[in-house]
Amino acid sequence: MAQQRIPLGRILGIPIALDFSWFLVFTLLTWILASSYYPSQFPDWPHGRYWIMGAVTALAFFASVLLHELGHSAVALRYRVQVRRITLHIFGGIAEIADESPSPTAEFLIALAGPAVSLALALASHLLQQWTAGIEALSGLFKYLSYINLSLALFNLLPGYPLDGGRLFRAVLWAFTGNLRGATRVAATAGRGFAFLLILIGAWQILSGNLGGLWIVFIGWFLDNAAKAQLQEGVFRDLLSGHPVAQVMNPACPEVPSTLPLQQLVDDYILTGHQRCFLVREGDRTTGLVTPQRIRAVPRPEWNHQTAGGVMLPLQEALSIAPDASLWQALQRMDRDGVNQLPVIRQGQVVGMLSREDVISYLRTLADWS
Ligand SMILES: [Zn+2]
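Residues numbered from 1 in each chain as written. Predicted model: local features only at pLDDT ≥ 70, side-chain atom pairs only at ≥ 80, totals over all residues.

1. Brief notes about the overall build of the protein
Next, step 1: If you tally the helices and strands in the protein, you get twelve helices and ten strands.
Next, step 2: Based on the C-alpha atoms only, the size of the protein along its principal axes is roughly 80 × 55 × 40 Å.
Next, step 3: Of the contacts made within the protein by residues no fewer than 6 positions apart, 61% connect residues no fewer than 24 positions apart. (Helix = DSSP H or I, 4+ residues; strand = E, 2+ residues; numbered from the N terminus. Contact = placed C-beta atoms within 7 Å.)

Take a look at the structure:
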């Protein structure tokens, strides 16, 4: 599934983006606020004000979600754990934080920071609501924000992974057992339990005539998928950790001269076989690599003038992996940096190429035969 995001800029150096699904939930929330929350609080407002305040409040809600995610991210960065990006989407938001906390304490504090921010926002909004009691629009806004931030904190504290509460639970298990993977398994299984519970509650609400239950079913389904993905990842990790890159890499990656025109590279190398990457040779040195993505980035009419050397990724800039690293480490590195292949380098020499497809197809073999 292609992820469509709109970049909004950076905070703390972290890219912030809107998923397209955000517009759907923003519209829905504005509509609910304008047609039900504000009219119930302030029945005499002119019609237009409901909609303006609905939109303003929906934006403030997403700003709250963003602050929650920034809370996690700021603590993660303090522990030098990478935060890839923060995305606001249909279920609120998510900070993509690398799953490599250095210690249970770090994991605990990273997980705690989000709900702590939400609780602080709930408290601040509550105080502001009382301060602005004479100004209907503002007190209505802060009343909603105190309620929604409190709900956000409490919901996220449910002890099922990957909710924040599940991460706290996992950190505690990890601290006591010293076994991160076992802790993840228990916390993710609890996460699936909570997800099923939400689906049941939602279904029960739908059956008793409340269509709002549909939303709860969706959230339950989303959480179940996330927990299942964690469990699956554990299985993959177990399967791949024991096998070195050298076992699966392609040691016969063709080399092409740096002066080779792209058109010829496509005609003579790509269309004649199933190779997907090429090393570029200059004299007797391997200096870079060319992938189909890099060729496609060049407009077709220029394929006759551009050369392999002109579009290659220089080896010094390419991420690489050692032949004795595990396949799991290789896959993590590809995921973290968004690449589909890694040159395998031993003592400055390219000894092979490892692609994501190689790892995935080997994974299938392992799953079938072990
Ligand atoms: Zn959170």
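2. Some thoughts on the environment of Val298
Next, step 1: When you line up the elements, Val298 lands in the loop between helix H9 (292-296) and helix H10 (308-311).
Next, step 2: Here Val298 falls in the partly exposed class, since 14 other C-beta atoms lie within 10 Å of it.
Next, step 3: The spatial distance from the C-alpha of Val298 to the C-alpha of Leu262 is 9.2 Å, given a sequence separation of 36 residues.
Next, step 4: Apart from residues no more than four positions distant in its own chain, Val298 is found in contact with Leu262, Trp303, Gln306 and Val311. (Buried ≥ 20, exposed ≤ 12 C-beta atoms within 10 Å, placed from the backbone.)

3. Some remarks on the pairing of strand E2 (residues 14-19)
Next, step 1: Sheet analysis places strand E1 (residues 5-11) next to E2, joined by six bridges and oriented antiparallel. Its bridge partner lying in E2, Pro7 is registered against Ala17.
Next, step 2: Between the antiparallel neighbours E1 and E2 lie two residues, among them Leu12 with a positive phi of about 55 degrees.
Next, step 3: Of the pairings in the sheet, the one linking E2 to strand E3 (residues 83-89) comprises three bridges and is parallel in character. Bridged to Ala17 within E3 is Thr87. (Pairing = 2+ DSSP bridges.)

4. Side note on the packing of helix H2 (residues 47-78) against helix H4 (residues 136-156)
Next, step 1: Where H2 contacts H4, the axes come no closer than 10 Å and their chain directions differ by 35 degrees. Along this stretch, H2 crosses H4, giving a crossing that reads as right-handed. On H4, the residues that touch Met53, Val56, Thr57, Ala60, Phe61, Ser64 and His68 of H2 are Ala137, Gly140, Leu141, Tyr144, Leu145, Ile148, Asn149 and Leu152.
Next, step 2: Residues of the contact of H2 with H4, tallied by class, amount to ten nonpolar, five polar and no charged. (Axes fitted to C-alpha atoms, helices over the stretch in contact; angles between N-to-C directions. Left-handed = near helix turned anticlockwise from the far one by under 90°. Nonpolar A, V, L, I, M, F, W, Y, C, P; charged D, E, K, R; others polar.)

5. As for the sheet that holds strand E4 (residues 92-97)
Whether parallel or antiparallel, the strands of a sheet pair through hydrogen bonds between backbone atoms.
Next, step 1: One open sheet holds the four strands; their spatial order is E1-E2-E3-E4, and the pairing between them is mixed. Each edge of the sheet is formed by a strand with only one pairing partner; in this case those strands are E1 and E4. Across the sheet, the mean angle separating the axes of adjacent strands is 20 degrees when strand polarity is ignored.

6. Observations regarding the nonpolar core
Next, step 1: With 49 residues, the main nonpolar core has Ile110, Leu145, Tyr161, Ala187, Leu223 and Ala227 as its most contacted residues.
Next, step 2: Counting residues in hydrophobic clusters, the runner-up holds 26 residues, among them Val280, Ile321, Leu331 and Leu342. (Core = buried A, V, L, I, M, F, W, Y, C linked by C-beta atoms within 7 Å.)

7. Regarding helix H1 (residues 21-41)
Next, step 1: Taking 1.5 Å of rise per residue, 21 residues should cover 30 Å, and H1 covers 29 Å from first to last C-alpha, within 8% of that figure.
Next, step 2: Along H1, the helix axis deviates most sharply at Leu33, where the bend reaches about 40 degrees.
Next, step 3: Inspection of H1 places Trp22, Thr30, Leu33, Ala34 and Tyr38 among the buried residues, and these make up the whole buried set.
Next, step 4: Turning to H1, the residues buried within the fold contact E2, H2, E3 and H4. (Expected span 1.5 Å × (residues − 1). Bend = angle between axes of the 7 residues up to and from the residue.)

8. Re helix H5 (residues 164-177)
Next, step 1: Given a rise of 1.5 Å per residue, 14 residues ought to cover 20 Å, and the 20 Å separating the end C-alpha atoms of H5 matches this to within 8%.
Next, step 2: Extensive coverage of H5 is indicated by the burial of ten of its 14 residues.
Next, step 3: Looking only at H5, the buried set comprises Asp164, Gly165, Gly166, Arg167, Leu168, Phe169, Arg170, Ala171, Leu173 and Trp174.
Next, step 4: Taken from the residues just after H5, Gly178 is the one with a positive phi, measuring 70 degrees.

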